[in-house]
Amino acid sequence: MATTQLKGNPVSLAGEFPGKGDTVKNFTAVLQDLSEFSLDTLRGKKVVLNIFPSIDTPVCATSVRKFNEQAAGLDNTAVVCLSFDLPFALGRFCGAEGIENVTAVSLFRSPGFGKDFGVGIEDGPLSGLAARAVLVIDEQGKVLFSQLVDDITHEPDYDAAIAALS
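I will try to describe carefully the structure that is included in this document. (Residues numbered from 1 in each chain as written. Predicted model: local features only at pLDDT ≥ 70, side-chain atom pairs only at ≥ 80, totals over all residues. Heavy atoms only, no water.)

## Things to note about the overall build of the protein
Thought 1: Counting its regular elements, the protein contains four helices and ten strands.
Thought 2: Mapped from its N terminus to its C terminus, the protein presents α and β elements in the order β-β-β-β-β-α-β-α-β-α-β-β-β-α.
Thought 3: For the protein, the C-alpha atoms occupy an extent of roughly 40 × 35 × 25 Å along the three principal directions.
Thought 4: The buried share among the 166 residues of the protein stands at 51%.
Thought 5: A separation of at least 24 residues holds for 67% of the contacts in the protein among residues at least 6 apart in sequence.
Thought 6: Accessible area for the protein stands at about 7400 Å²; split by element, carbon and sulfur atoms hold 49% of it.
Thought 7: Measuring between centres, the 13 positive side-chain charges of the protein sit 2 Å from its 21 negative side-chain charges. (Helix = DSSP H or I, 4+ residues; strand = E, 2+ residues; numbered from the N terminus. Buried < 20%, exposed > 50% of the residue type's maximum accessible area, 1.4 Å probe, protein only. Contact = heavy atoms within 4.5 Å. Areas by Shrake-Rupley, 256 points an atom, 1.4 Å probe, with all protein chains shown as cover. Lys, Arg positive; Asp, Glu negative; His and termini not counted. Charge placed at Lys NZ, Arg CZ, Asp CG, Glu CD.)

Here it is, written out as structure tokens:
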């Protein structure tokens, strides 16, 4: 079982977080128009998974903005931003912020994602949400970069994630 922190307090997570070299399994999520999204639709591309608790928090919003900026110049790469927020909240944020270079998806119909990817918060005030993490995956689904952020209130290492794509 993985752990992280929230403002310095320990937080238990369900499952095991994937490490470099692991192969990630497919998952489904919900797009802003309520249609289904599947990771398998991106096979053949490199993928950045930006996982976070809620778009309505400053650090989560910043991570989506920064990956949106950096994704604009990436070849054969998709950036997917994932949270348990409803698709309506993700759509509101992306529309208001002009977010067009990432795909924001909701995990609200995928309760197993948290355990499958080792990011499901099991205790504390954010129980039921996802911890902050970034996975960079190659065209075959193998992990090139893996970061379970040490404290949910901290931003991920954007530079290391983007560097892993080279």
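## Quick look at the packing of aromatic side chains
Thought 1: Counted under the stated rule, the structure contains five aromatic pairs.
Thought 2: Arranged with centres 6.2 Å apart and planes meeting at 45°, the rings of phenylalanine 27 and phenylalanine 37 form a pair that is tilted. Of this pair, phenylalanine 27 sits in the loop between β2 (9-14) and β3 (28-30) while phenylalanine 37 sits in strand β4 (residues 36-38), placing them ten residues apart in sequence. Neither residue differs from the other here; phenylalanine 27 and phenylalanine 37 are each classed as buried.
Thought 3: A ring pair is formed by phenylalanine 67 and tyrosine 158, whose centres lie 5.2 Å apart and whose planes are at 70°; its orientation type is edge-to-face. (Phe/Tyr/Trp six-rings, centres within 6.5 Å; stacked < 30°, edge-to-face > 60°.)

## Describing the environment of phenylalanine 113
Thought 1: Residue placement: phenylalanine 113 occurs in helix α3 (residues 113-116).
Thought 2: Classification of phenylalanine 113 as buried rests on a relative accessible area of 3%.
Thought 3: Considering only alpha carbons, one finds phenylalanine 113 and alanine 130, 17 residues apart in sequence, at a separation of 8.8 Å.
Thought 4: In contact with phenylalanine 113, not counting residues within four places along its chain, are Phe27, Ile51, Leu82, Leu107, Gly118 and Val119.

## What about the pattern of salt bridges?
Thought 1: Taken as a whole and judged by the stated rule, the model has five salt bridges.
Thought 2: A salt bridge links lysine 25 to aspartate 116; its shortest N-O distance comes to 3.6 Å. Of this pair, lysine 25 sits in the loop between β2 and β3 while aspartate 116 sits in helix α3, and the two are 91 residues apart along the sequence.
Thought 3: Residue lysine 25 is classed as partly exposed on the basis of its relative accessible area, which comes to 46%.
Thought 4: The partner of glutamate 97 in a salt bridge is arginine 65, and the shortest N-O contact between them spans 2.8 Å. Linking glutamate 97 in helix α2 (residues 87-97) with arginine 65 in helix α1 (residues 58-71), this pair joins segments that are 32 residues apart in sequence.
Thought 5: Classification of glutamate 97 as partly exposed rests on a relative accessible area of 36%. (Salt bridge = Lys/Arg side-chain N within 4 Å of Asp/Glu carboxyl O.)

## Focus on the sheet that holds strand β8 (residues 120-121)
Thought 1: What the three strands build is an open sheet, ordered β1-β2-β8; its pairing is antiparallel. Edge positions in the open sheet fall to β1 (3-6) and β8, since each of these has one partner strand only.
Thought 2: Taken together, the two bridges between β2 and β8 define a ladder with antiparallel strand orientation. Along β8, the bridge assignment pairs alanine 14 with glycine 120. (Pairing = 2+ DSSP bridges.)

## Some thoughts on unusual backbone geometry
Thought 1: One non-glycine residue with positive phi stands out, namely lysine 7, at about 55°.
Thought 2: Relative to the elements of secondary structure, lysine 7 occurs in the loop between β1 and β2.
Thought 3: Look at asparagine 76: it is not a glycine, yet its phi comes out positive at around 45°.
Thought 4: Within the fold, asparagine 76 resides in the loop between α1 and β6 (77-83).

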